[in-house]
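So you can see what is in the structure, the chains are spelled out below.
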Amino acid sequence: RGMDATGDIAAGRQGTQPRHGLPLRLLALGGATLAWLAMFAIVASVLVLNARAALRDETLSAFQLANSFATLRLPTAFAQRDMMAEARSIATEIESQRHVTAELRDTRGQPVDLPLAPSAPSDPAPRWFAALLRPEPLRDLIPIAQYPNLLGVLEIRSDPSDKIAEAWGNFRLILPLMAVTALAAI
């Protein structure tokens, strides 16, 4: 009977009693999933913060250059030249630049037609993503005058939509790669 009791004790330890707690594989899977989610959140946050800073700096730089360009190229109010034609040329050149847009308006506030500007990005970012990255809009009004008359106004605005679309393209590439890496790690 001594051998039977030892056999019963050994059998009891081998699984006839209920086990408490989670299996080790489930714990490892949960831990790996949580680690990946934390890594994903950190990487996504860093990417968004870097994209916002780069977008703000590039937009500000482009806006300041466009503003300086318009101010320096526009003849003085005493010049005997076609001021609206000069302003139209300046607005057209600004429109062709990235991160800025220009609109020329006459004294009634009506827009002056400009040659067609380059089209918007073909794959714009979703609104929630654009709102997440978009910096404060910049705007400046430059009067177009020929002494003693005001002929119109040139409005220069920041327009980061092309840079936001570029950042969205990068996000759409990086995030699936992270998902594949997570699946491989898990």
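Just above, that's the structure.
Residues numbered from 1 in each chain as written. Predicted model: local features only at pLDDT ≥ 70, side-chain atom pairs only at ≥ 80, totals over all residues. Heavy atoms only, no water.

### Some details on helix α2 (residues 24–73)
Between its first and last C-alpha atoms α2 spans 72 Å; for 50 residues at 1.5 Å apiece the expected length is 74 Å, and the two agree. Of the positions making up α2, those classed as buried are W36, A44, V48, A51, L55, T59, A62, F63, A66, N67 and A70. (Helix = DSSP H or I, 4+ residues; strand = E, 2+ residues; numbered from the N terminus. Expected span 1.5 Å × (residues − 1). Buried < 20%, exposed > 50% of the residue type's maximum accessible area, 1.4 Å probe, protein only.)

### Some remarks on the packing of aromatic side chains
Following the criterion strictly, the structure yields 5 aromatic pairs and no others. Judged by centre distance (5.8 Å) and plane angle (90°), the ring pair of W128 and W168 falls under edge-to-face. Taken as a pair, W128 in helix α4 (residues 127–133) and W168 in helix α5 (residues 161–185) lie far apart in primary sequence, 40 residues in all. Residue classification places W128 among the exposed positions, given a relative accessible area of 55%. Using a relative accessible area of 15% as the deciding quantity, one classes W168 as buried. Three or more aromatic residues joined by ring pairs make a cluster, and in this case those are W128, F129, W168 and F171. (Phe/Tyr/Trp six-rings, centres within 6.5 Å; stacked < 30°, edge-to-face > 60°.)

### So, the pattern of salt bridges
Side-chain pairs of opposite charge can arise whenever the charged atoms involved come near each other. For the coordinates displayed, the defined rule picks out 13 salt bridges. Among the salt bridges present, the one from D162 reaches R98, with a minimum N-O distance of 3.0 Å. Placement of the pair is D162 in helix α5 and R98 in the loop between α3 (83–95) and β1 (100–106), with a sequence separation of 64 residues. In this structure, E155 engages R105 in a salt bridge whose closest nitrogen and oxygen atoms are separated by 2.6 Å. Taken together, the positions of E155 in strand β3 (residues 149–158) and R105 in strand β1 put the pair 50 residues apart, joining distant regions of the chain. Put simply, E58, R98, D162, K163 and E166 are held in one network by salt bridges that share partners. (Salt bridge = Lys/Arg side-chain N within 4 Å of Asp/Glu carboxyl O.)

### Considering the environment of D162
Judged by relative accessible area, D162 falls into the partly exposed class, the value being 21%. Taking the C-alpha atoms as reference points, D162 and V100, separated by 62 residues in sequence, lie 9.8 Å from one another. In terms of polar contacts, D162 uses its side chain to reach the side chain of H99, at 3.2 Å. (Polar contact = N/O pair within 3.5 Å; in protein donor to acceptor, adjacent residues only side chain to side chain.)

Worth remembering: the numbers are spatial, not functional.
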